Amino acid sequence: MNKPLRRIAIFCGLLVLALLVRDNWIQLVQADELKSDPKNRRVAIARYAQPRGNIIVDGKSITGSNDTKSGDFRYKRTYRNGPMWAPVTGYASQAFGATQLEALNDGILTGDDDRLFFNRTIDMLTGKQQKGGNVVTTLNAKAQKAAYDGLGNSKGAVAAINPKTGAILALASKPSYDPSSFAGNGDKDTDAWSKLQKQKNEDEPMLNRALRQTYPPGSTFKVVTAAAGLESGKYDLDGKTDTPDPYRLPDSSTDLGNDGNIPCEDASVRTALRYSCNTVFAKMSNTLGNAKMIEMAEKFGFNNKELDTPVRAAESVYPKDNKPQNAMAGIGQASNRTTPLQMAMVASAVANNGSLMKPYMVDQLRAPNLNVVQQQKPDELSRPVSSETAQKLQQGMETVVEKGTGSRAQIPGVVVGGKTGTAQHGENNSKNPYAWFISYAKDKDGSSPVAVAVVIESSDTLRDDIAGGALAAPIAKSVMNAVLEGK
């Protein structure tokens, strides 16, 4: 071979080698990146080429797939009672992607998850259409309906947990949206999506308030402050506290009082919970100090940036702050902020004798043949207080419902513990306050199958009538009743 031909041959060989290297680089190194690229239309087409697996509640699917028999995207996602379940399912849209359980379990639902390799292989060998698996939730349909219906036209959220396991039983948020309205990729879907985007700055219907919105917890946080006080050994449930009324905030010329003519001077912890005495718990928070208050709050789940249910919850925050602000944070104000889920966790830890279980809402992931590919096991997140302290807190919270501000949560023949809260909102409390209620209900054996947190962000109620006991407690009662009746 002469020299020019040899050079051409070497050059062509190098080109082929470069092509092989590039091809292997794409297939082995860049495959996942290209597969997840939002501009890769082939992935979306493949995702909706077959029916999607379902999300299951109480043994029944709350999702479906509709055969459109046209276009690149053959199967369109459908939802039963979409607005009620949207805070749980999220959405799966041909045009706008997926969120929450739909996104986190996409591989199982489409059948592409590596754990479904055997099923895909069988389908391929038998010539059957690929099938997706199912996501089995821990949700209780009756409790969810009670929460959603109970919110009515109010803006707010409800979270309910099984204290013994951490299983989430209800997760409602209003206003809501229907994921079916933009599940396709046509003009109607685009219009529905655009309308929802315009509402972001007003009602925010796509915001999952139960998991992703934080609020000042108001007086419901006094349960955490009481826990810190009782655990410190400086306070007892029925012992008098050295508390003036009004109480001068530390390093300040501001006096903190109480709402109404209530017996808060030197009140015991039980009495202070019953009447929701600001003075007692603000002074207690100051006496214990900011570091001790942070420590207790974190045991209950505050300041945790990575709480996954598996949908990630927003971080609830008990702040590092100065003395007067720490005193106010001890009564659920200042920079103290929390999600409804977090406050349900507080109630559940008290109800479960001091053991806080990690909240979760997916019980199983199942293959198309119903084989279980993943089973969630209950897991203790922390132990905020001793059993002795938890039982004292239960006595205090049960007094709140029996004789105090939480009487509207009473259920005949059932022991219920609770704590009301009305949290200031806006600069100088210029906006309508938030109405809170946290609670638990006990079985005959003394254990608790349900703990609930309710927050009403806004409603048609007159400002002077807004209170956790009046607005939020009846909703919590309905949710607890739904769980108890289903047992």
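The written sequence of each chain sets the order in which its residues are numbered from 1. In keeping with the model being predicted, local features are shown solely for residues with a pLDDT of at least 70 and side-chain atom pairs are shown and tallied solely at 80 or more, while totals for entire chains, interfaces and linings include all residues. Here the side-chain values reflect all heavy atoms present in the structure, with hydrogen atoms and water set aside.

- The protein goes by Penicillin-binding protein in an unreviewed UniProt entry, where it is assigned to Streptomyces daqingensis.

## Side note on the pairing of strand 4 (residues 75–79)
Next, step 1: For every residue, the accessible area obtained with a 1.4 Å probe (protein chains only) is divided by the maximum for its type, and the residue is called buried under 20%, exposed over 50%, and partly exposed between those limits. The secondary structure listing takes helices from DSSP runs of H or I that are at least 4 residues long and strands from runs of E that are at least 2 residues long, numbered from the N terminus. Alternating positions in strand 4 separate cleanly, Tyr75, Arg77 and Tyr79 being buried on one face and Lys76 and Thr78 remaining unburied on the opposite face.
Next, step 2: Each pair of strands is called paired provided DSSP finds at least two bridges between the two strands. Relative to strand 4, strand 3 (residues 63–67) runs antiparallel, the two sharing 5 bridges. By the bridge assignment for strand 4, aspartate 67 is matched with tyrosine 75.

## Some remarks on unusual backbone geometry
Next, step 1: With an omega dihedral of -5°, the bond running from lysine 174 to proline 175 counts as a cis peptide bond.
Next, step 2: As for its placement among the helices and strands, proline 175 is situated in the loop between strand 9 (168–174) and helix 9 (187–198).
Next, step 3: The omega torsion of the bond from aspartate 245 to proline 246 falls at 5°, within 30 degrees of zero and hence cis.
Next, step 4: Of note, aspartate 251 is a non-glycine position whose phi angle comes to about 55°, a positive value.
Next, step 5: Here aspartate 251 is to be found in the loop between strand 10 (247–248) and strand 11 (255–256).
Next, step 6: Given a relative accessible area of 67%, aspartate 251 falls into the exposed group.
Next, step 7: One non-glycine residue, asparagine 353, adopts positive backbone phi at about 55°.

## Quick notes on the nonpolar core
Next, step 1: Buried residues of nine kinds, namely Ala, Val, Leu, Ile, Met, Phe, Trp, Tyr and Cys, make up a nonpolar core once their side-chain atoms join them within 4.5 Å. Core analysis: the largest hydrophobic core is formed by 86 residues, its most contacted members being Leu171, Tyr318, Leu341, Val346, Met361 and Ile438.
Next, step 2: Per element, the largest residue contribution to this core is 9 residues, and it comes from helix 16 (residues 340–351).
Next, step 3: The contact definition used throughout considers only heavy atoms, calling two residues in contact when any of these lie within 4.5 Å. With residues up to four places along the chain from it excluded, the contact list for isoleucine 438 reads Thr220, Val223, Met343, Val346, Ala347, Met397, Gly417, Gly418, Lys419, Val452 and Ala453.
Next, step 4: If you look at the next biggest cluster of nonpolar residues, it comprises 29 residues, including Val454, Ile475, Ala482 and Leu484.

## A short note on the sheet that holds strand 1 (residues 55–57)
Sheet strands line up and pair through hydrogen bonds in the backbone, either parallel or antiparallel.
Next, step 1: Strands sit in the order 2-1-7-13-14 across an open sheet of 5 strands; the sheet is mixed. Edge positions in the sheet fall to strand 2 (60–61) and strand 14 (372–375), since each has one partner strand and no second.
Next, step 2: Bridge count between strand 13 (residues 362–366) and strand 14: 3 bridges; the pairing is antiparallel. Among the inter-strand pairings, arginine 366 is bridged to a residue of strand 14, identified as valine 372.

## Observations regarding the state of the cysteines
Put plainly, two cysteines are in a disulfide when a covalent bond ties their sulfur atoms together.
Next, step 1: In this description, the term disulfide denotes a pair of cysteine sulfurs within 2.5 Å. A full pass over the atoms with the stated rule returns 1 disulfide.
Next, step 2: Between cysteine 264 and cysteine 277 runs a disulfide, and the two sulfur atoms are separated by 2.1 Å. Linking cysteine 264 and cysteine 277, the disulfide has an S-S dihedral of approximately -80° and is accordingly described as left-handed. With cysteine 264 in the loop between strand 11 and helix 12 (269–275) and cysteine 277 in the loop between helix 12 and helix 13 (278–288), this pair connects stretches of sequence that are 13 residues apart.
Next, step 3: Classification of cysteine 264 as buried rests on a relative accessible area of 1%.

## Brief notes about the packing of aromatic side chains
Next, step 1: Ring pairs shown here join Phe, Tyr and Trp side chains whose ring centres sit within 6.5 Å, with only the six-membered ring taken for Trp; geometry is labelled stacked below 30 degrees between planes, edge-to-face above 60, and tilted in between. Applying the stated criterion across every chain yields a total of 11 aromatic pairs.
Next, step 2: Where tyrosine 91 meets tyrosine 177, the ring centres are 6.5 Å apart and the plane angle is 75°; that geometry is what we call edge-to-face. Of this pair, tyrosine 91 sits in the loop between helix 4 (82–89) and strand 5 (92–93) while tyrosine 177 sits in the loop between strand 9 and helix 9, and the two are 86 residues apart along the sequence. Per residue, the accessibility class of tyrosine 91 equals that of tyrosine 177, and both read buried.
Next, step 3: Note on tyrosine 215 and tryptophan 436: the rings are 6.2 Å apart at their centroids and 85° apart in plane angle, and the pair reads as edge-to-face.

## Points about the environment of glutamine 376
Next, step 1: Its place among the elements puts glutamine 376 in the loop between strand 14 and strand 15 (380–382).
Next, step 2: Residue classification places glutamine 376 among the partly exposed residues on the basis of a relative accessible area of 27%.
Next, step 3: Along the chain, glutamine 376 and glutamine 364 lie 12 residues apart, while their C-alpha atoms are 6.2 Å from each other.
Next, step 4: What glutamine 376 contacts, discounting residues up to four positions off in sequence, is Tyr360, Val362 and Asp363.

## Some points on helix 8 (residues 141–151)
Next, step 1: Three or more residues of helix 8 are buried, namely Ala143, Gln144, Ala146, Ala147, Tyr148 and Leu151.
Next, step 2: Looking at where helix 8 begins, the residue whose side-chain oxygen comes 3.0 Å from the main-chain nitrogen of lysine 142 is asparagine 140.
Next, step 3: At the exit of helix 8 stands glycine 152, carrying a positive phi of roughly 55°. Whenever a nitrogen or oxygen atom comes within 3.5 Å of another N or O atom, the pair is scored as a polar contact, on the condition that within protein one atom can donate a hydrogen and the other can accept it, and that pairs from neighbouring residues in sequence are kept only if both atoms are in side chains.

## What to know about the pattern of salt bridges
Next, step 1: Basic side-chain nitrogens of Lys or Arg form a salt bridge, by our definition, when they fall within 4 Å of a carboxyl oxygen of Asp or Glu. Under the criterion given, the structure shown has 18 salt bridges.
Next, step 2: A salt bridge links arginine 270 to aspartate 238; the nearest nitrogen and oxygen atoms lie 2.7 Å apart. Of this pair, arginine 270 sits in helix 12 while aspartate 238 sits in the loop between helix 11 (222–232) and strand 10, and the two are 32 residues apart along the sequence.
Next, step 3: Relative accessible area serves as the criterion here: at 21%, arginine 270 is assigned to the partly exposed category.
Next, step 4: Under the relative-accessibility criterion, aspartate 238 is labelled partly exposed at 46%.
Next, step 5: Here glutamate 398 makes a salt bridge to lysine 442, at a shortest N to O gap of 2.9 Å. In this pair, glutamate 398 sits in helix 17 (residues 387–403) while lysine 442 sits in the loop between strand 17 (431–441) and strand 18 (450–458), placing the two residues 44 residues apart along the sequence.
Next, step 6: For glutamate 398, a relative accessible area of 10% gives the class buried.
Next, step 7: Three or more residues joined by partner-sharing salt bridges are found here, namely Arg52, Arg77, Glu102 and Asp106.

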